[in-house]
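Residue-level structural notes
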Amino acid sequence: MKDYSNLKEKIQEKKDKKGVILKFIYLSMAAILFLFLISLMLYSYIEVSNKFARLKFIVISGNHILPKKNISNIIINSGNTELSTYNLSKIYYKIISNPWIKKARIAKIFPDTIYLIINEKKPAAFVYYNKDIYVIDSDGDKIDIYKKYLNMPISLPKIKTKSDILNNKSLLKSILTIYEKLDKIGKINYIDVVSGGYQVVNFSNGLNIVVNSLNCPKVALRRLSQKWAYLNTLKSKLDSVSICFDNKFVLKWKKGVGK
């Protein structure tokens, strides 16, 4: 005979298990429904925000050379006041195409702000060539043609040339290097590039020092520093002084002046 003594217990156990499973299913469905409602609310909020959000503020940081107005105009002209019409990717590529901007980050802050952070290239010198003034960085790379609206330090080195040296990075870097060293000896007005191996450094005291920035021994710069005061007494008689030798200076006297 079959034993039915624990049949009721087994039936109850099955009911309990079924109840647990049903509760789990109900809770899962409730959780899914809750998440769906939350997502729907967020989506609706974003859609409504996009529809009614208007651009009121443009926050720009990191600019020192470029005026904020020039940058903000790029953003303003990229949409029609509704925040949703401003495509951040398109604005980013417009901003980064500016030769002065090295890096940029842009974001929308709802409901009314676009925030822009930029990293500008650092100017190292002015190059005067062919009636234009170019700006280069410390690596000798051309940044852009100088424009009046740029907030540029006027104390930057000035390099004058009659030939196109803007693509000669090694020469420009060497000129910047020797400019920095010579400017510690005396204040420089500008450097005139006659050729790759011949530059005339025009000092504010009236001395013209001839150098080869690509090949000028350190001893020549030390000697110039030591003889600076003496050469300064002769400046009214000297046309120029060539210094890039191991053991001498070459003095060029003005016409009609005796040694």
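Refer to the structure printed above.
Residues numbered from 1 in each chain as written. Predicted model: local features only at pLDDT ≥ 70, side-chain atom pairs only at ≥ 80, totals over all residues. Heavy atoms only, no water.

**With respect to the side chain of serine 72**
To keep things clear, this is the line we draw: Only DSSP runs of H or I with at least four residues qualify as helices, and only runs of E with at least two residues qualify as strands; both kinds are numbered from the N terminus onward. Here a residue-residue contact requires only that any non-hydrogen atoms of the pair lie within 4.5 Å.
Turning to its location among the elements, serine 72 is positioned in helix α2 (residues 68-76). Those residues in contact with serine 72 that lie beyond four places of it in its chain are Ile58 and Ile60.

**Structural notes on the side chain of aspartate 144**
Just so we agree on the cut-off: Buried, partly exposed and exposed residues are distinguished by accessible area as a fraction of the type maximum, computed with a 1.4 Å probe on protein chains only: under 20%, between the cut-offs, and over 50%, respectively. Any pair of nitrogen or oxygen atoms within 3.5 Å is treated as a polar contact; in protein, a donor-acceptor pairing is required on top of that, and neighbouring residues in sequence qualify only through side-chain atoms on both sides.
Note on placement: aspartate 144 falls in strand β6 (residues 142-145). The class of aspartate 144 is buried, set by a relative accessible area of 18%. Side-chain polar atoms of aspartate 144 contact the side chain of lysine 147, separated by 2.8 Å.

**Overview of the sheet that holds strand β10 (residues 208-211)**
Defined as follows: In this scheme, strands are said to pair when DSSP sees at least two bridges between them. In this description, a line fitted to the C-alpha atoms serves as the axis of each element, helices being fitted only across the stretch in contact, and the angle between N-to-C directions of two axes falls anywhere from 0 to 180 degrees.
Strand order across the open sheet formed by nine strands is β6-β5-β4-β7-β8-β9-β10-β11-β12, with mixed pairing between neighbours. Two strands bound the open sheet, and with one partner strand each, they are β6 and β12 (250-253). Averaged over all adjacent pairs, the angle separating strand axes in this sheet is 25 degrees, with direction ignored. Where strand β9 (residues 198-203) lies against β10, four bridges are found, and the strand directions are antiparallel. Across the sheet, the residue bridging to glutamine 199 is valine 211, located in β10. Where helix α4 (residues 169-182) meets the sheet, it contacts β4 (125-129), β5 (132-136), β7 (158-161), β8 (188-195), β9 and β10, and its direction lies at approximately 145 degrees from that of β8.

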